[in-house]
Amino acid sequence: VSQSRYAIDVALMLDYRIDRGWASIKLRFDNDAGTFGGTTNKLKAEKAYFGSRLVDGDITTFDVELGRRKLSNVFDSIVQFSSFMDGVVFRYDVGIERWGDFYAHLGAFVV
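Being a predicted model, the structure only gives us computed values, none of them experimental. Every chain begins its residue count from 1, and numbering advances along the sequence as written. Given that this is a predicted model, residues contribute local features only at a pLDDT of at least 70 and side-chain atom pairs are listed and counted only at 80 or more, while totals for whole chains, interfaces and linings are drawn from all residues. Where side-chain values are given, they derive from all heavy atoms of the structure, hydrogens and water being excluded.

Undergrad: Before we move on, could you go through the overall build of the protein and cite the residues and values that matter?
TA: Assigned secondary structure in the protein consists of 0 helices and 6 strands. Every helix listed is a DSSP run of H or I at least four residues long, and every strand listed is a run of E at least two residues long, numbered separately from the N terminus. N-terminal to C-terminal, the α/β element order of the protein is β-β-β-β-β-β. Residue contacts follow a heavy-atom distance rule, with two residues in contact if any of their heavy atoms lie within 4.5 Å. Sequence-distant contacts, at least 24 apart, represent 34% of the contacts inside the protein between residues at least 6 apart. In these tables, accessible area is a Shrake-Rupley quantity obtained with a 1.4 Å probe, and a residue counts as shielded only by the protein chains included in the view. Summed over all atoms, the accessible surface of the protein reaches about 8400 Å², with 56% contributed by carbon and sulfur.

Spelled out as structure tokens, the structure:
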């Protein structure tokens, strides 16, 4: 007896931006269905975060972001193991025309 199987796969992605703030969410729904069984619990939040620009100066910016995203999207590291970052990120950027761009990105998170 052959089993009739099919897959339900939906990805919903929303980005919202205002003058000094933004939000982003990506939900993934990936379930298998069939006559004799399937899965019903495969809803995953791949990213869900919001941020705000607290300082918007001529050469200096300071941003704060809170939420969930892949660790590799925030920090460039060899030892990140494709983990998700659930936490807060502080971004401080300074651009000096004579010297270049300097930045410090700090985060507190649970892996």
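Moving on, there is more to tell.
Undergrad: Any chance you could break down the pattern of salt bridges for me, citing the residues and the numbers?
TA: By definition, a salt bridge exists where a carboxyl oxygen of Asp or Glu is found within 4 Å of a side-chain nitrogen of Lys or Arg. Applying the stated criterion across every chain, the model contains 7 salt bridges. In this structure, Arg28 engages Asp9 in a salt bridge whose closest nitrogen and oxygen atoms are separated by 3.3 Å. Within this pair, whereas Arg28 is found in strand S2 (residues 21-34), its partner Asp9 is found in strand S1 (residues 5-18), the two being separated by 19 residues in sequence. Classification of Arg28 by relative accessible area gives partly exposed; the value is 27%. Classification of Asp9 as partly exposed rests on a relative accessible area of 46%. The salt bridge partner of Asp86 is Arg68, with a shortest N-O separation of 3.5 Å. Residue Asp86 is located in strand S5 (residues 84-96), and its partner Arg68 is located in strand S4 (residues 60-70); the two are separated by 18 residues in the primary sequence. Through salt bridges with shared partners, a single ionic network connects Asp9, Lys26, Arg28 and Glu46. Throughout, exposure labels follow a simple rule: accessible area from a 1.4 Å probe, protein chains only, divided by the maximum for the residue type, with under 20% read as buried, over 50% as exposed, and the rest as partly exposed.

Undergrad: Provide a residue-level description of the side chain of Ser24, including the pertinent values.
TA: Secondary-structure assignment places Ser24 in strand S2. Owing to a relative accessible area of 6%, Ser24 belongs among the buried residues under this scheme. Two N or O atoms form a polar contact when they lie within 3.5 Å of each other; inside protein one atom must be a possible hydrogen donor and the other a possible acceptor, and for residues adjacent in sequence the pair counts only when both atoms belong to side chains. Side chain to side chain, Ser24 and Asp15 meet in a polar contact 2.6 Å long.

Undergrad: Can you tell me about the pairing of strand S3 (residues 43-56), naming the residues and giving the values?
TA: The pairing of S3 with S4 spans 8 bridges and is antiparallel. Residue pairing for S4: Tyr49 is matched across the bridge by Gly67. Once S3 ends, the chain turns through 3 residues before running back antiparallel as S4. The pairing criterion for strands is at least two bridges between them, as found by DSSP.

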